[in-house]
Amino acid sequence: MASITVTVDGVKYSDEVEPRLLLVHYLRERLGKTGTPVGCDTSNCGACTVHMNGVSVKSCAVLAVQADGAEITTIEGLADGEWHPLQEAFKTEHALQCGYCTPGMIMAAADLLRTNSHPSDDEIRDGLEGNLCRCTGYENIVRAVRRAAGAGVTP
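Here the focus is the sheet that holds strand S2 (residues 11-17). Taken in spatial order, the five strands line up as S2-S1-S5-S3-S4 in an open sheet, and their pairing is mixed. The strands lining the two open edges of the sheet, one partner per strand, are S2 and strand S4 (55-58). Averaged over neighbouring strand pairs, the angle between their axes works out to 40° when direction is ignored. Where strand S3 (residues 49-52) and S4 come together, four bridges link them in antiparallel fashion. Directly across from threonine 49, in S4, lies its bridge partner lysine 58. Along the sheet face, helix H1 (residues 23-30) touches strand S1 (2-8), S2, S3 and strand S5 (71-73) and points at about 110° away from the line of S2.

Have a look at this one:
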């Protein structure tokens, strides 16, 4: 077992974990952060994207021990009492169907808007690369990110 201390959505946790435990499983099973789905366990789909020290990472490709000392933000932590503007934009633009990819898409979009507050459609597509949606065809997702950017979202 290995000792880790992480801050997740503003709350500090200290735990003993198996060295092979993936961050996504730690978040879901130990901390109850079930808004972060397990999509593929191979880092192909991006559904499990979270922010680690402010940068988006696929939590199925990070061991919990690698997150020791890190600040993690999940989709639950992105909202502060009410929905984050990106979440509202995804709802308004109908940028989700089954919703499975939505947490990862929103977290990737938040990271994009952190570094580029007014991205072009091509930059939005580049920023979401590595996050797969099997339902929407991406047009509504791009519109949602553009709407959030137009509203001046700064995650």
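And the narrative resumes.
Counted according to the given criterion, the structure contains zero disulfides. As a non-bridged cysteine, cysteine 101 has cysteine 133 as the owner of its nearest cysteine sulfur, 3.7 Å distant. Left unpaired, cysteine 135 is separated from the closest cysteine sulfur, that of cysteine 98, by 3.8 Å. Residue cysteine 135 is classed as partly exposed on the basis of its relative accessible area, which comes to 33%.

In this section: the nonpolar core. Ranked by size, the top nonpolar core spans 24 residues in total, and within it Leu86, Phe90, Met105, Leu128, Ile141 and Val145 carry the most contacts. Sorting the residues of this core by element identifies helix H2 (75-78), helix H3 (85-92), helix H4 (102-115) and helix H6 (139-150) as the ones contributing at least two each. Apart from residues lying up to four places away in sequence, leucine 128 is in contact with Met105, Ala108, Ala109, Ile141 and Val145. Membership of the second largest hydrophobic core comes to 16 residues, among which are Leu27, Val62, Ala70 and Ile72.

The subject of this paragraph is unusual backbone geometry. Look at aspartate 9: it is not a glycine, yet its phi comes out positive at around 50°. Note that aspartate 9 resides in the loop between S1 and S2. Although it is not a glycine, histidine 94 adopts a positive phi angle of roughly 55°. Of note, histidine 94 is situated in the loop between H3 and H4.

To continue, consider the packing of H3 against H6. Two quantities define a packed helix pair, namely the angle between the axes and the distance from one axis to the other. For the pair H3 and H6, interaxial distance at closest approach is 8 Å and the crossing angle is 135°. Taken as axis vectors, H3 and H6 run oblique relative to one another. Handedness of the crossing formed by H3 with H6: right-handed. Together, Pro85, Leu86, Ala89, Phe90 and Thr92 of H3 and Ile141, Ala144, Val145, Arg147 and Ala148 of H6 make up the contact between the two elements. Taken together, the residues of the contact of H3 with H6 sort by class into eight nonpolar, one polar and one charged.

On the surface, a cluster of negative charge is made up of Asp122, Glu123, Asp126 and Glu129. Mapped onto the elements of the fold, glutamate 129 is located in the loop between helix H5 (121-127) and H6.

Our focus in this paragraph is the pattern of salt bridges. As enumerated under the stated definition, the model contains seven salt bridges in all. Across the pair arginine 147 and glutamate 93 runs a salt bridge whose closest N-O atoms are separated by 2.7 Å. Taken together, the residues span a long stretch of sequence, with arginine 147 in helix H6 and glutamate 93 in the loop between H3 and H4 at a distance of 54 residues. Looking at arginine 147, the relative accessible area reads 42%, which means it is partly exposed. One salt-bridge network, held together by shared partners, links Glu93, Arg143 and Arg147.

Cut-offs and rules
- Starting from 1, residues in each chain are numbered consecutively following that chain's sequence as written.
- This being a predicted model, a pLDDT of at least 70 is required before a residue's local features are given, and a value of 80 or more before pairs of side-chain atoms are given or counted; all residues contribute to the totals for chains, interfaces and linings.
- No hydrogens and no water enter the side-chain calculation; it runs on all heavy atoms of the structure.
- Two strands qualify as a pair provided DSSP detects at least 2 bridges between them.
- In DSSP terms, a helix is any run of H or I states spanning at least four residues, a strand is any run of E spanning at least two, and both are numbered starting from the N terminus.
- Think of each axis as a best-fit line through the C-alpha atoms, taken over the contacting stretch in the case of a helix, with angles from 0 to 180 degrees between the N-to-C directions.
- Between two residues, a contact is recorded if the distance between any of their heavy atoms is within 4.5 Å.
- A pair of sulfur atoms, both from cysteines and within 2.5 Å, is called a disulfide here.
- Each residue is assigned to one of three classes by its accessible area relative to the maximum for its type, calculated with a 1.4 Å probe on protein chains only: buried under 20%, partly exposed between the two thresholds, exposed over 50%.
- Only buried residues count toward a nonpolar core, which is a set of Ala, Val, Leu, Ile, Met, Phe, Trp, Tyr and Cys residues joined through side-chain atoms within 4.5 Å.
- Any angle that is under 35 degrees is reported as roughly parallel, and any over 145 degrees as roughly antiparallel; angles of 65 to 115 degrees are reported as roughly perpendicular and all others as oblique.
- For any helix crossing, the convention is left-handed if the near helix is rotated counterclockwise from the far helix by under a right angle, and right-handed if that rotation is clockwise.
- Any residue outside Ala, Val, Leu, Ile, Met, Phe, Trp, Tyr, Cys, Pro, Asp, Glu, Lys and Arg is labelled polar, Gly included; the first ten of those are nonpolar and the last four are charged.
- Here, patches come from residues exposed beyond 30% relative accessible area and free of salt bridges, joined within 9 Å for like charges and within 5 Å for nonpolar side chains (Val, Leu, Ile, Met, Phe, Trp, Tyr).
- Exposure was quantified through the Shrake-Rupley algorithm and a 1.4 Å probe, taking into account, for residues, occlusion by the shown protein chains and nothing else.
- The salt bridge criterion pairs a side-chain nitrogen of Lys or Arg with a carboxyl oxygen of Asp or Glu, the two atoms within 4 Å.
- Note that His is not counted, nor are the chain ends; the positive residues are Lys and Arg, and the negative ones are Asp and Glu.
- Taken as the charge location is NZ of Lys, CZ of Arg, CG of Asp or CD of Glu.

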